[in-house]
Every structure is written in C-alpha cells, then in structure tokens.
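The residues making up each chain are set out below.
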Amino acid sequence: MTTRLLHLADLHLDRVFAAMGCQGELARRRRQGLRDALTRAGRLAMEQGCVAVTIAGDLYEHERAGVDTGRFLADTFASWQPMRVLIAPGNHDALLPGSLYRRVEWPSNVTVFTTTHLEPVELVDGITVWGLAHREPAWQGDPLSGPFATTGSGVHLALFHGAELGSRPEGKSIHGPFHMERIRAAGFAAALCGHYHRRRLDSASGLLYPGTPEPLSFDDEGGRGPVVVEITDRGDVRFTAHDTNRWSVFTVQCDAGECGSVESVIDEVTMHCAATGFSDAERTMIRVDLSGTIDSAVSLDAFTVELAVRERLNLATVKVRDRTSPYIDLESALVEESTRGAFVRAATAAAAEADPDEALVLEDALRYGLMALSGAEVGLR
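The structure displayed is predicted, hence computed values, not measured ones.

Observations regarding the overall build of the chain
Along the backbone of the chain there are nine helices and 19 strands. Based on the C-alpha atoms only, the size of the chain along its principal axes is roughly 85 × 40 × 40 Å. Looking at the chain as a whole, 51% of its 381 residues qualify as buried. Sequence separation of 24 or more characterises 70% of the internal contacts of the chain that already satisfy a separation of 6 or more. For the chain, the computed accessible surface area is about 17,100 Å², with 49% contributed by carbon and sulfur atoms. Separation between the mean location of the 37 positive side-chain charges and that of the 53 negative ones in the chain comes to 7 Å.

Considerations on the sheet that holds strand 2 (residues 52-55)
Pairing is mixed in the open sheet, where six strands are placed in the order 4-3-2-1-13-14. Every other strand in the sheet has two partners, leaving strand 4 (110-112) and strand 14 (237-241) as the edge strands with one partner each. Ignoring which end each strand starts from, the neighbouring axes of this sheet average 20 degrees apart.

Examining the pairing of strand 5 (residues 119-124)
Sheet topology places strand 5 next to strand 6 (residues 127-131); five bridges connect them, and they run antiparallel. Within the sheet, the bridge partner assigned to Val124 lies in strand 6 and is Ile127. Hairpin remark: strand 5 followed by strand 6, antiparallel, with two residues in the connecting loop; positive phi at Gly126, about 90 degrees.

Quick look at the packing of aromatic side chains
The geometry of an aromatic ring pair is captured by the separation of the ring centres together with the interplanar angle, meaning the angle of the planes. In this structure the tally under the stated criterion is nine aromatic pairs. Taking the centre distance of 6.2 Å and the plane angle of 35 degrees together, the rings of Tyr101 and Trp106 count as tilted. Here the two residues Tyr101 and Trp106 agree in accessibility, since each one is buried. Here the aromatic cluster, defined as three or more aromatic residues joined through ring pairs, consists of Tyr60, Phe77, Trp80, Tyr101 and Trp106. Positioned over the ring face of Trp247 is Arg30, at 4.8 Å from the centre of the ring. Stacked on the ring of Phe72, the Lys or Arg Arg35 has its end atom at 4.7 Å from the ring centre.

Rules of the game
- Residues numbered from 1 in each chain as written.
- Predicted model: local features only at pLDDT ≥ 70, side-chain atom pairs only at ≥ 80, totals over all residues.
- Heavy atoms only, no water.
- Helix = DSSP H or I, 4+ residues; strand = E, 2+ residues; numbered from the N terminus.
- Buried < 20%, exposed > 50% of the residue type's maximum accessible area, 1.4 Å probe, protein only.
- Contact = heavy atoms within 4.5 Å.
- Areas by Shrake-Rupley, 256 points an atom, 1.4 Å probe, with all protein chains shown as cover.
- Lys, Arg positive; Asp, Glu negative; His and termini not counted.
- Charge placed at Lys NZ, Arg CZ, Asp CG, Glu CD.
- Pairing = 2+ DSSP bridges.
- Axes fitted to C-alpha atoms, helices over the stretch in contact; angles between N-to-C directions.
- Phe/Tyr/Trp six-rings, centres within 6.5 Å; stacked < 30°, edge-to-face > 60°.
- Lys NZ or Arg CZ within 6 Å of the ring centre and 35° of its normal.

Structure, rendered in structure tokens:
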C-alpha cells in the first residue's frame, strides 16, 4: 500500500511585495493569492488521498502576521480534518514569544514542532516524521547533527527549514545549515525541507525543496506548487511536483539600441513582453532589463515605459531596469568649446579616478547632464 503526504514550504503569508513594485490594491491581491495557494494545496492533498500535509517553515512572516492570519490558518487546517498537518517553524515564522504558533488555539489535527532537535511523530504505522523548530530567526544549528533512533524498521522522514550548503543560491542567507550527504547517513529516507525558493527534487539523496507555491520575487519563474511524497510498502520514496501557481513572473531582455524615441522604446518593450506567452495578464508580472546605447536626446523615463506597457497588455505590473547608456561621441565632445564640452571633460576626468561605485554614479550624472543640455526632459532610471 502506498502512503501519500503533501509537502510545502515558504508560503510567506502577509508578505509586503514592495520589492516587486506592488502597492495598494495589487499588493493586497498578491497577499490574498498566498492564502488561496494554501487553500488549493489542501484541496490537492485531499484529492491525492494524502494522510498529512507537512510544512517546512516560513508559513507566514512573524513581524506582519496578526490575529486574522492566525484565524485563517486555524480554520483552514480544521477544514482539512482528519488529514494531519505537521509544521516545522523556520526563520521568518520562528517559535518566538508571541508567535502565532504560541497564541493560536490549533485544531487537534495540527502538530507544531517546538524543539531545536528533531523529534519523532508517528504519522501512520511504519512511517515516522521527525521535525524541529527554529526558536530564533538566526538559528545556526545543524538539523541533522543527531544521533537519531532511526535504525529500526519503518520509514523515517526529516522535516525542517534549513540551508543545504552544497547547493546554496548566491546571496541566500544561512539558517539551519546542513549537508545533504547526512540525510541517508542519519537514517532518513528523505528530508522534507524549506528555505530555498527554487524547487528541487533529488531522489538520489532524498533531498526535497518544494520551493515557493507562488512567486515571491522576479527570480521565481516557472511552474510552482507543492510536492506529493509517496512512500511505498517497500519503503521507497517518490516525489511528484504539482504546478498550482496562479501568478507568474518573467524577466525579459530588451535591447533598445535602435530606438530613436520613447515611443519606439515602448513598442519594443511591449513586443518582448507579449512574446513571453503569458496566459493570465492580470496575474502576470514582468521585469524588463533594458539595454543598449541610446541617443542622449531621448528622454527615457523607466516609469513612463512601465505604465504604457502595463496598460497596453493589461499586465499586473511591469518593472523596468534601465541599463542603457547614452551615446556620446567622446572624441568630438571632449574638444567642444561649449558648456557641453566642459561638462563631458569634467565628468570623464572624475570617472577615470573614481572607484567602481563612484563611477556608476558619475555615469548616471553624465547621462542626465547630457539629456538636460540637449533640451530633453530628464527621465530617471
């Protein structure tokens, strides 16, 4: 007989989404989308005949989650009965004083792990889930430090929020560091993890990161959703990912070097955004990396481009990263006996002696200065 459970992590209820340019109604829609993702996960678990839902941390964000979030979670989990819910708090929803995990009266089918070492809970006969909690946001313990009583019969699964050090994404914070080689060595058939927002199903080592159910940044492209874990009567463990996300993000590269006006830039960006093949415009968010060398007389304003493209395609949001550079005939400009020539000479001389950070500032100063001197409206990046 096959036993199934559904695993998810990193939902981040009550997230602000300001870094994605979400304000007002759009930010509220995104937060409601996270609640909807949890509801869909429970529905999927019941359709798949799962005996439990496991959640590996960052279910919500502690500093923003309030009473309403606690009630939503309690009511949602209660509606899943008799299916069990096992929660291993992470760094954003750590088991701090005053956390929802301590304040909410959870229904009887919910188990919240409370210690910083893995403790066992028998899920069904022959299958044990071992879980732990981050009791502080910056917890640095090794979840797999052991030893564990996993040498007997049955299948043992580890549930925790942690950073697998051999595959850590660049810049990702380290909480609960571990090495995947320790999973099987510690006697676990699989480690059901959270923290990394990109999905990873590694059957060879038993490592599972479901990723975020909905995109939380522009880096979270592609299908997203929970993972169904199957444990066969022989003790084999299989992972099956399900794409349930309603929101989508894309990053497109757009060369505006041939554009001679703001309108032509807008046309070019619109074409590239449409080419992504998005299916639900009102739930699609696109980041545009705009490159190329543009005449300094073109009054390029990122906000104007964003607004125009968003309205043309009815997108939820468009975020432009202006990485263009102004076209300058330095040879001619440097010898000009004019205000423009004096400005270019001063800016290039300063840039030659500047450190890399200062050089970037001076590059912007040169751009805006040339736009102003050409009589164009100065558009900010």
